[in-house]
Every structure is written in C-alpha cells, then in structure tokens.
Protein chains: 2
Amino acid sequence: MSNNNFYCVIMAGGTGRRFWPYSRKALPKQFLDFFGSGQTLIQQTYERYKQIILPDNIYISTHKDYKDLVLELLPEVKESQLILEEEHRNTAPAIAYASYMIQKVNPDATVIIAPSDNMVLNLEGFKQAVWRGMEFASCSDKLLVMGIKPTYPETGYGYIQISEDSEGDFRKIKTFIEKPAKEFAEVFVQSNEFYWNSGIFIWHINTIMKAFHEMMSDVCPRVEGGRPDFSSCPNSSFDTSIMEKADNVYVQPCDFGWADIGTWGTLHDVLPKDENRNVVIDSNTMLYGCKNNLIMMPEGKLAVIQDLEGYLVVEKDNALLICKKDDQTAIRKFVNDVEMRFGEKYS
Amino acid sequence: MSNNNFYCVIMAGGTGRRFWPYSRKALPKQFLDFFGSGQTLIQQTYERYKQIILPDNIYISTHKDYKDLVLELLPEVKESQLILEEEHRNTAPAIAYASYMIQKVNPDATVIIAPSDNMVLNLEGFKQAVWRGMEFASCSDKLLVMGIKPTYPETGYGYIQISEDSEGDFRKIKTFIEKPAKEFAEVFVQSNEFYWNSGIFIWHINTIMKAFHEMMSDVCPRVEGGRPDFSSCPNSSFDTSIMEKADNVYVQPCDFGWADIGTWGTLHDVLPKDENRNVVIDSNTMLYGCKNNLIMMPEGKLAVIQDLEGYLVVEKDNALLICKKDDQTAIRKFVNDVEMRFGEKYS
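So, here's what we can say about the structure. Please read all numbers here as calculations on a predicted model, not as lab measurements. (Residues numbered from 1 in each chain as written. Chains lettered and ligands numbered in written order. Predicted model: local features only at pLDDT ≥ 70, side-chain atom pairs only at ≥ 80, totals over all residues. Heavy atoms only, no water.)

Before going further, it helps to spend a moment on the overall build of chain A. When helices and strands are tallied, chain A shows 10 helices and 17 strands. Taking 20 Å as the expected radius of gyration for a compact globule of 347 residues, we find that chain A reaches 20 Å, a close match to that expectation. Counting only C-alpha atoms and orienting by the principal axes, one finds that chain A spans roughly 60 × 45 × 35 Å. A buried classification covers 57% of the 347 residues belonging to chain A. Within chain A, contacts between residues separated by at least 24 positions form 66% of all contacts whose residues are at least 6 apart in sequence. As presented, chain A carries roughly 14100 Å² of accessible surface, and 46% of it is formed by carbon and sulfur atoms. Charge centroids of chain A, computed over 36 positive and 48 negative side chains, lie 3 Å from each other. (Helix = DSSP H or I, 4+ residues; strand = E, 2+ residues; numbered from the N terminus. Rg over C-alpha atoms; globule rule 2.2 N^0.38 Å. Buried < 20%, exposed > 50% of the residue type's maximum accessible area, 1.4 Å probe, protein only. Contact = heavy atoms within 4.5 Å. Areas by Shrake-Rupley, 256 points an atom, 1.4 Å probe, with all protein chains shown as cover. Lys, Arg positive; Asp, Glu negative; His and termini not counted. Charge placed at Lys NZ, Arg CZ, Asp CG, Glu CD.)

Structure follows, in structure tokens:
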C-alpha cells in the first residue's frame, strides 16, 4: 500500500498542561515515553503512520520551540517536513497553515490529521481503516472524522452521533457532543448511534481549503503567503470552528482498539488496574486501603500510600501533585497558580 | 550552679521508625535538624543540659552504630562518655547499663535521664526545675519523674496521675496511663491530677541500682562487669519494667513549655498551623481544600495538594509517605513491610 497523494500531518503542538507535573512546558506529553516502552508518544505515532504513508509525505505540526526536539526524536524527518507555529493558537490556525503548505506541495493531496497522543492496539485494523478512509476522501468532497465504537462510558472523550444518511459505510454526522456526564455516556454506549471522536480527520486538500475559506476567512490570509502571522490569528479550536459548523462531515465507524491519552483520568481508564482499581505506572509503591488511584513516581523512588481513593499521585523532577483524579479542570488551575507564584521554575 | 555529683544521660539509641521516611535507620530523628534551626535534636538537648550539668558528667547512651555520628555532632563529648549498646534492646537494659557505668565512676552520683527528642520553650524554667529535682533526688530514695502540666488534650503522650501523698512539691504517683483516647485526655486536662509523662527521670544512683536489682535481677549481671551482653537481655521498656512497678515513684510537677517529638501527630500538635490547621515544615506547597495535614518535602521540591484532610505527606530522599496523620501504629507496619520487601534500600 502506498499512494504518492496521501499525506499525514501529526499534530504535536500541545503544551501538555493536563499532565503536569509529569509533562512540562519544555517537555509536553507527546515527547514523553509514558509507559516505559522505550518510545515517546510522537515516535509511536510516527512509526504507526509510516506503515501507510510515504515517509516524505509525513509532516509534523508543532511549535517552533519544539523544533529541535522533534528533529532529534524523529531523525528521518527533514526540516522541510516541519510546519512550525510561531505562537500557540490552538488547532484551527495550525491546521489551516498545514493545509496551505501541503496544497502548495501537492494540490491533489489527501490528508490525514493525526493527534500525537493516541494509543492503538490493533495495528492491522488501524491501517486498513486509514487506507479505506483516505481512498474514500480522495474522491469525495466530505470532511471525514474517524469515530471509534465506544467500549465503556468514558467521560473524558467527546462523542459523535451519526444520522441515517450514509455513503457506503460512511455515515453523515448528526452532532458532536463534548465530554458527557456519566449517565449520558452510559446511554451513548448502549445505543449504536454514538462514537468516540478520535480527533483523526481525513479529507482531500481542496475540501478542507474550501471549508477554511468559507468558515474562517479571516485566518486564511494570515497563514497563506510568505510568512504566517500567528500572533494575529484567533485562538480557536478546529473542532468548534470548522467541524461543528460544516454540513459535509461524515463519520467513518472504526473499531481498532483506540485510546486518547488526553488526561490522567482517561489514562487511568485505559491502563491495567490492580484488584482495587489502582493504576501504578512503572513505580515502586506499597498501597494500603487505596482504591481507584493513579500513581506515577520517578525511577527508584518508593511511595507508601494509605487510604486514598480516586486520587492522582504523580511526581516528577522538582514537583509532586496529589489531587482528585477526575477533576479534569483543576490541574490547569494548579499549573496557572504555580506559574503565577513561582514563574517558570516548576512549569 | 554546678555540682560534681550531678550527672546526665542523654538517651539517643532510638531507631526513629516513627518518623520514616524523614528519619532512617542510618539517621534517626535525634540526629536530624527537624525545624531547619541549624541544630539536630541531640545537639539541642546537649546544649540545654550543658547549662546545668558539668560537660564531663554528660553521658550519651546510644547504639554502637551511631558512635561516630554522635562524636561528630557533639565534638566536646569524649569517647569515654559514650555508653554504647551492642544491640537494640529498648530502654530498660540501656538505662541499667548506663547506671552501672556511672556508679563505677561516682558512687554518689545523682542522675537525670534525658530523652534526646524533647522541645523546651522556657529554658530558665527548665533549668530551675532540673536543679530542684536533682537536689531533691540527691538526698532521697525516690525515683523522680518530671510531670508536665498539660495544656491541651494530647493523645500521643503518656499521662501520670498523682496522689495526695507528697514530699514538699513532689507528689507520689498514683498511676501511669498510656496514650489515652481523646475523651479521656480532655478529662485529664480539666482535672489537676494529671500530668504528661516527660520521660525525664531523676534519682540517686543507689536508688535506681536498688530498683534494678529488685525488679530486673536477670538484667543486672548482663550489664555489670567487663563486657555487657545485650544480646541476652530482654527487650523491655524501662517504663513498664521499673517505673510502673516501683512503689517509690514521685512526680515533680513542671510547667516549662515542653513537647516530645514522639510522632508526626505530636509534631503537628506543637507546630504553628495555617488557618486550616495545616503544618508545613520548611517546604514549598500549594494547598487546595486541605485541612489538618502535616507536609514536609525536600528542599526545592514543590507539592501541589488538593482535598486531603488529616494526612501526612512526607518525602525524603528515595521515599514518599502519604498516610493518616493520627494512625500512630501504621507507620511501624509500613516500615516493616518496606524492609520485608525491599531490604535496607528504603529503611
């Protein structure tokens, strides 16, 4: 399988605040080896797509501060394959800029947008799904999103509801649903109408450029042409600015053992647990009366913990975090407060 | 004030397990500077007694493994002033051996037994109390224990109940009470009959030797003579073997701002607290919804903690402990378990 017109953009610009203190501004999660596997998340992602997309056609979208890190972690990637943001402006400007750059290189490209923090268990199923999606998108004017058949009521993911309209296996979207409450997630899993939003998008380059020109016409002139002007771009998410507004979005139903390493809570959900639902990542621990926690300590450090339930205990370098595992928004606040008080020392 | 017959034995043989992981087998609490004051607890104790007892008459009872450490921390102390246990056998054999050694040096000695882990706030009051107690004991056949007027219902201390019998200010003991439940401690503080057991004892050397020969006659031959045989001594506490059995025990009521650094719980009780009763010892922390905790981190390390109540969070070197602050017995179990599993690596 190989097709000169198939391209991949790995999105690796995140600052990884949701995984503080394990990830830091200088080393966000995509550049970390979360599971002690010997490979960082971005390396795992690159290797996965390299089996489907020609290496020269794999681009990396990231912030300029991470340029050297990416080139070091992915030695096969040339500097010309980096699409660098001057400033963090969320995903919409980054995808607009990447699309413009790829269109310049190949006006008949079909592109897959790949988050750099996914886990995939069934690689064969994944490869077949990507190939099928790209073949569909290459000769269609649809914006495709891969929907993952949910296996449990995860509240840390976004969901997609499908409609009756279809083109082959591909189903027209009814609506996007942001991270739902537990009781809704349970209903979604029961029904056959809902899928997890993987954040993996596929389209022909003309389709996405048309969408940007229609829905974010202010951003286009800022990323097209000689030098992009990120500082004047709005800070907007691609999902809300384009995908939720467009009327040509289709879902590709997939089922290849997927997880998004989006928050500590989702990480806890997908990793193996002890009999008390504790997840211990690569750490020496002795737990007494502990339930449903996630624990991650530096190498060689022992954590003895008594009577915690539903907590996160994460230490790395000069910082220790002990907080409610499922309070997703709290960590952002903590990191902001830490920066206010200590500057960059711990962030 | 000075008297050639007045002697002091500083008890510094403890292994400090109750303060794990801050204290370790190789460095028990008496050899640590708990409050960042620049002085370890044993140095503070030595300096305190040096103002009352001639330096040549201050002996240190400790385990042989701590010999070099003591000589380094207390450079004025000569090797001949060390009374070394070959093996840890609790306080009864240690005090018996120390008493025998001092009797050999001065058969008319009056001795004060001084724990190495006390805090004293009113040094003048303390000095006067020691002097008064030693003068009383020097010409009496009583075993004296300093009783501290309780200021709050501490459940981590032993209490002493006094009887009506008295000799001057010194009151005959009615009974020793081990660490009481909260409701009892509250009654004790209200009444005027109860004192904290300071663990500071005073007696003429003949009085204590007589007590040992009467109540622990098996131990005497093992510590008297050329070379003591600690391995065949029973592992027994001086309080239960002698003080609780003797019928000549008197209490010296004292009130000089005293605290025993016996457990994390008592340390929390005596140290300054924030508005939510958190004690933070010399650490960078950011606390959210935290109440009644004790936190101690290594220098330069930040702890961000959310929604903990009544916990201990202590990290030192290669170990982190998170446990219920007031579960006094749990830490011993943890340390035993850690040794069973990891050997000496963390203990």
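So, next bit.
Of the transformation placing chain B onto chain A, the axial shift is 0.1 Å and the rotation is 179°, giving an RMSD of 0.1 Å. The relationship between the two copies is best expressed as a two-fold rotation axis. Among all residues of chain B, the one whose C-alpha sits closest to the rotation axis is Leu308 of chain B, at a distance of 4.4 Å. A share of 100% of the interface residues of chain B reappears at the interface of chain A, consistent with the copies meeting face to face through the same patch. (Least-squares fit on C-alpha atoms with pLDDT ≥ 70 in both.)

On to the side chain of Asn293 of chain B, then. Residue and element names in this part refer to chain B. Within the element layout of this structure, Asn293 appears in the loop between strand S13 (284-288) and strand S14 (294-296). For Asn293, a relative accessible area of 1% puts it in the buried group. One polar contact links the side chain of Asn293 to the main-chain carbonyl oxygen of Leu308, over a distance of 2.9 Å. The residues contacting Asn293, other than those within four sequence positions of it, are His268, Arg277, Asn278, Val279, Leu308, Glu309, Gly310 and Tyr311. (Polar contact = N/O pair within 3.5 Å; in protein donor to acceptor, adjacent residues only side chain to side chain.)

Attention shifts here to unusual backbone geometry. Trans is the common state for peptide bonds, and a negative phi is the common state for residues other than glycine. In this structure, the amide linkage connecting Trp20 of chain A to the following residue, Pro21 of chain A, adopts the cis form with an omega of 0°. With respect to the secondary-structure elements, Pro21 of chain A resides in the loop between strand S1 (6-11) and helix H1 (41-50). In this structure, Asp282 of chain B takes a positive phi of about 55° despite not being glycine. Mapped onto the fold, Asp282 of chain B is located in the loop between strand S12 (279-281) and S13.

Residues and elements named next belong to chain A. One can describe the packing of helix H3 (residues 91-105) onto helix H6 (residues 205-215) by two numbers: an axis separation of 10 Å at closest approach and a directional angle of 135°. One way to sum up the angle between H3 and H6 is to call them oblique. Viewed along their axes, H3 and H6 form a crossing whose handedness is left-handed. For the pair formed by H3 and H6, the contact residues are Ala92, Ile95, Ala96, Ser99, Tyr100, Ile102 and Gln103 on the first element and Ile205, Asn206, Ile208, Met209 and Phe212 on the second. (Axes fitted to C-alpha atoms, helices over the stretch in contact; angles between N-to-C directions. Parallel < 35°, antiparallel > 145°, perpendicular 65-115°, else oblique. Left-handed = near helix turned anticlockwise from the far one by under 90°.)

Spatially, S12(A)-S14(A)-S16(A)-S17(A)-S15(B)-S13(B) is the arrangement adopted by the 6 strands of the open sheet, whose pairing is mixed. Single-partner strands in this sheet number two, and they are strand S12 (279-281) of chain A together with S13 of chain B. On average, adjacent strands in this sheet sit at an angle of 10° to one another, irrespective of strand direction. In this structure, S13 of chain B lies alongside strand S15 (residues 302-306) of chain B, joined through 5 bridges in parallel fashion. Its bridge partner lying in S15 of chain B, Leu287 of chain B is registered against Ile305 of chain B. Taken strand by strand, helix H10 (residues 328-342) of chain A contacts strand S16 (311-316) and strand S17 (319-324) of chain A together with S13 and S15 of chain B, and its axis lies near 140° from that of S13 of chain B. (Pairing = 2+ DSSP bridges.)

Turning next to helix H1 (residues 41-50) of chain B. Burial of H1 of chain B is extensive: 8 of the 10 residues sit out of reach of the surface. When we look at burial in H1 of chain B, the residues that qualify are Leu41, Ile42, Gln43, Gln44, Thr45, Tyr46, Arg48 and Tyr49 of chain B.

For the rest of this paragraph, the subject is the environment of Tyr159 of chain B. Residues and elements named next belong to chain B. Relative to the helices and strands, Tyr159 is located in strand S7 (residues 159-167). Separated by 12 residues in the primary sequence, Tyr159 and Gly147 have C-alpha atoms spaced 8.2 Å apart. Side chain to side chain, Tyr159 and Trp196 meet in a polar contact 3.1 Å long.

Moving on, we get to the side chain of Asn278 of chain A. Residues and elements named next belong to chain A. Tracing the chain through its elements places Asn278 in the loop between helix H9 (264-270) and S12. One polar contact links the side chain of Asn278 to the main-chain carbonyl oxygen of Cys290, over a distance of 2.8 Å. Residue contacts for Asn278: discarding those within four places in its chain leaves Pro272, Lys273, Leu287, Cys290, Lys291, Asn292 and Asn293.

Okay, the packing of aromatic side chains next. Per the counting criterion, the structure on display carries 48 aromatic pairs over all chains. An angle of 35° between the planes, with centres 4.4 Å apart, marks the rings of Tyr288 of chain A and Phe334 of chain B as tilted. With Tyr288 of chain A in strand S13 (residues 284-288) and Phe334 of chain B in helix H10 (residues 328-342), this residue pair bridges two chains. In this structure Tyr288 of chain A comes out as buried when scored by relative accessible area, which is 16%. When the centroid spacing of 5.1 Å and the interplanar angle of 65° are considered together, the rings of Phe6 of chain B and Trp131 of chain B count as edge-to-face. Taken together, the residues span a long stretch of sequence, with Phe6 of chain B in strand S1 (residues 6-11) and Trp131 of chain B in helix H4 (residues 123-138) at a distance of 125 residues. Here Phe6 of chain B falls in the buried class, since its relative accessible area comes to 2%. On the basis of relative accessible area, Trp131 of chain B is assigned to the buried category, the value being 15%. (Phe/Tyr/Trp six-rings, centres within 6.5 Å; stacked < 30°, edge-to-face > 60°.)

Among the nonpolar cores identified, the biggest contains 77 residues, and Trp20, Ile60 and Trp264 of chain A are the most heavily contacted of them. A total of 7 residues in this core trace back to one element, the largest contributor, which is helix H4 (residues 123-138) of chain A. With near-sequence residues (within four places) excluded, Ile60 of chain A lies in contact with Ile10, Ala12, Ile42, Val70, Leu74, Val77, Gln81, Leu82 and Ile83 of chain A. Counting 76 residues, the second-largest nonpolar core is a separate cluster that includes Leu82, Val130, Phe170 and Val338 of chain B. (Core = buried A, V, L, I, M, F, W, Y, C linked by side-chain atoms within 4.5 Å.)

Right, let's talk about the pairing of S16 of chain A for a bit. Residue and element names in this part refer to chain A. Of all 6 residues making up S16, 6 are buried, and the element is well covered by its neighbours. Because side chains alternate across S16, one face comprises the buried residues Tyr311, Val313 and Glu315, and the other comprises Leu312, Val314 and Lys316, equally buried. Relative to S17, S16 runs antiparallel, the two being bridged by 6 bridges. Bridge assignment links Lys316 to a residue of S17, and that residue is Ala319. Here S16 folds back onto S17, and the loop between the two strands holds 2 residues, one of which, Asp317, carries a positive phi near 50°.

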